Amino acid sequence: MRIDRSLKIVIAEDGVLLREGLAGLLTRFGHRVVATVGDAGKLMEAVREHAPDVVVTDVRMPPDFTDEGLRAAVALRSENPRLPVLVLSQYVEQTYATELLDSGDGTGIGYLLKDRIGDVEEFVDALLNVVGGGTVVDPEVVRQLLRRRRDPLARLSPREREVLALMAEGRSNAAVARALVVSEAAVGKHIGNILTKLDLPPAEDDHRRVLAVVTYLRG
């Protein structure tokens, strides 16, 4: 679908030079950057305030530099399934990448890797494709997502793997916390992430903690 109009764009990127560089680039191509923000909370606010035609967001942003930008994109698509989103990152955050690509009707989504973009015009064309309802995904992103489906444990962070390994030894949350020198609250948060990433939703008949350990032992 050809886009022949000036777009309203919100950019979320914690690196100030890249953020301003993207804004300048898109302005030179005739588009209007209505907001540039450096964290996920401000991204949510900017989209609700400006109702942009498209969002360009990084994955890792303050405060934790994990997957804040991608989670914000998923939340925004939940609010407005037709909101075009182009993720631009150095990383493939597998769990929420899949959720984002599945959001809405699966159109108007892009996921590109910064270090694999070699042409400015191709980047802008990809953005226009997303706004037109297309799906633009870097082949490396596709490869990693396919590998994730084969190996559920590939979704876990190194720390989450450590927590799961200690769970497999039969340790309680308190014992895991002592072994890793972290708080029990932190362990609880990691376990929650593990259960989510292993696709183990709450169920009356299944013990999710046991199922997570079984998945670990099979891996």
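Predicted, not measured: the structure shown is a model, and the values here were computed from it.

Let's shift gears to the overall build of the chain. For the chain, the helix and strand inventory stands at 10 helices and 6 strands. Considering only C-alpha atoms, the chain reaches an extent of 60 × 35 × 30 Å along its principal axes. Split into buried and exposed, the 219 residues of the chain put 45% on the buried side. Here the contacts in the chain between residues at least 6 apart in sequence split such that 66% fall between residues at least 24 apart. Here the chain carries 29 positive and 33 negative side-chain charges, and the mean point of each set is 2 Å from the other.

All chains considered together, the criterion is met by 0 aromatic pairs. Looking at Arg60, its charged tip hangs above the ring of Tyr91, at a distance of 3.6 Å from the centre.

Before going further, it helps to spend a moment on the pattern of salt bridges. Here the structure, examined in full by the defined rule, presents 10 salt bridges. A salt bridge links Asp53 to Arg5; its shortest N-O distance comes to 3.4 Å. Here Arg5 lies in the segment before β1 (8-12) and Asp53 lies in the loop between α2 (40-50) and β3 (54-57), a separation of 48 residues in the sequence. Put simply, Arg19 and Glu20 hold a salt bridge, and the shortest N to O gap is 3.9 Å. Sharing partners across several salt bridges, the network here consists of Glu13, Asp58 and Lys114.

Glancing now at a negative patch on the surface. Judged by side-chain charge, Asp119, Glu121, Glu122 and Asp125 come together as a negatively charged surface patch. By the element assignment, Glu121 lies in helix α5 (residues 120-131). Overall, Glu121 belongs to the exposed group, its relative accessible area being 53%.

Take the pairing of strand β2 (residues 32-37) next. Relative to β2, β1 runs parallel, the two sharing 5 bridges. Bridge pairing links Ile11 to Thr36 in β2. Taken together, β1, helix α1 (residues 16-28) and β2 constitute a β-α-β crossover, and its handedness is right-handed.

The next point concerns the UniProt feature "modified residue: 4-aspartylphosphate" (unreviewed entry) in the chain. Under the present numbering, the feature "modified residue: 4-aspartylphosphate" (unreviewed entry) in UniProt falls on Asp58. If you trace the backbone, Asp58 turns up in the loop between β3 and α3 (68-79). Sequence-distant contacts of Asp58, that is, excluding residues within four places in its chain, are made with Ala12, Glu13, Asp14, Gly69, Leu70, Leu88, Ser89 and Lys114. In this structure the side chain of Asp58 is engaged in a polar contact, spanning 3.3 Å, whose partner is the side chain of Ser89.

Right, let's get into the environment of Glu93. By the element assignment, Glu93 lies in the loop between β4 (85-89) and α4 (94-102). Overall, the relative accessible area of 12% leaves Glu93 in the buried class. Each residue touching Glu93, except ones within four places of it in the same chain, is listed here: Val59, Asp67, Leu70, Tyr111 and Lys197.

Of all hydrophobic cores here, the largest spans 29 residues; its most connected members are Val10, Leu43, Val85, Leu100 and Tyr111. Put simply, the parts of the chain that give this core at least two residues each are β1, β2, α2, α3, β4, α4, β5 (109-113) and α6 (139-150). By size, the runner-up hydrophobic cluster in this structure holds 20 residues, among which are Ile9, Ala23, Leu26 and Ala126.

Contact geometry of α1 with α5 gives a least axis separation of 11 Å together with a crossing angle of 80°. The angle between α1 and α5 falls in the class roughly perpendicular. Residue-level contacts link Leu22, Leu25 and Leu26 of α1 to Val120, Phe123, Val124 and Leu127 of α5. In the contact of α1 with α5, the residues fall into 7 nonpolar, no polar and no charged.

Parameters at a glance
- Position numbers for residues start from 1 in each chain and track the written sequence from start to end.
- Since the coordinates come from a predicted model, pLDDT governs what is reported: local features require at least 70, and pairs of side-chain atoms require 80 or more to be given and counted, while whole-chain, interface and lining totals use all residues.
- Excluded from the side-chain calculations are hydrogens and water; all other atoms, namely the structure's heavy atoms, are used.
- In this description a helix means any DSSP run of H or I spanning at least four residues, a strand means any run of E spanning at least two, and both kinds are numbered starting from the N terminus.
- For every residue, the accessible area obtained with a 1.4 Å probe (protein chains only) is divided by the maximum for its type, and the residue is called buried under 20%, exposed over 50%, and partly exposed between those limits.
- Contacts are residue-level and defined by heavy atoms, with any inter-residue pair within 4.5 Å sufficient.
- Counting rule for charge: Lys and Arg are taken as positive, Asp and Glu as negative, and neither His nor the chain ends is counted.
- Charge positions come from single atoms, namely NZ of Lys, CZ of Arg, CG of Asp or CD of Glu.
- Stacked, edge-to-face and tilted labels apply to pairs of Phe, Tyr and Trp rings (six-membered ring for Trp) whose centres lie within 6.5 Å, assigned for plane angles under 30 degrees, over 60, and everything in between, in that order.
- Our definition puts a charge over a ring when NZ of Lys or CZ of Arg is within 6 Å of the ring centre and also within 35 degrees of the ring normal.
- Salt bridge, as used here: a side-chain nitrogen of Lys or Arg that lies within 4 Å of a carboxyl oxygen of Asp or Glu.
- Each patch is built from residues that are more than 30% exposed by relative accessible area and take part in no salt bridge. Like charges join if they lie within 9 Å; nonpolar side chains (Val, Leu, Ile, Met, Phe, Trp, Tyr) join within 5 Å.
- Using a 1.4 Å probe, the Shrake-Rupley method yields the accessible areas, and only the shown protein chains count as cover for residues.
- Two strands pair under a simple rule: DSSP has to find at least two bridges between them.
- A crossover gets the label right-handed when its path from the first strand over the helix to the second runs clockwise, viewed with the strands pointing away from the viewer.
- UniProt positions are given in the numbering used here, feature names are shortened, and annotations may be inferred rather than shown by experiment.
- Any N or O atom pair separated by 3.5 Å or less is treated as a polar contact, with the protein-specific requirement of one donor-capable and one acceptor-capable atom, and with residues adjacent in sequence counted only for side-chain atom pairs.
- As used here, the term nonpolar core means buried Ala, Val, Leu, Ile, Met, Phe, Trp, Tyr and Cys residues forming a set that is joined through side-chain atoms within 4.5 Å.
- Simply put, an axis is a line fit to the C-alpha atoms, just over the touching stretch for a helix, and the angle between two N-to-C directions goes from 0 to 180 degrees.
- In what follows, roughly perpendicular refers to angles from 65 to 115 degrees, roughly parallel to angles under 35, roughly antiparallel to angles over 145, and oblique to any angle outside these ranges.
- Think of it as three bins: nonpolar holds Ala, Val, Leu, Ile, Met, Phe, Trp, Tyr, Cys and Pro, charged holds Asp, Glu, Lys and Arg, and polar takes everything else, Gly as well.

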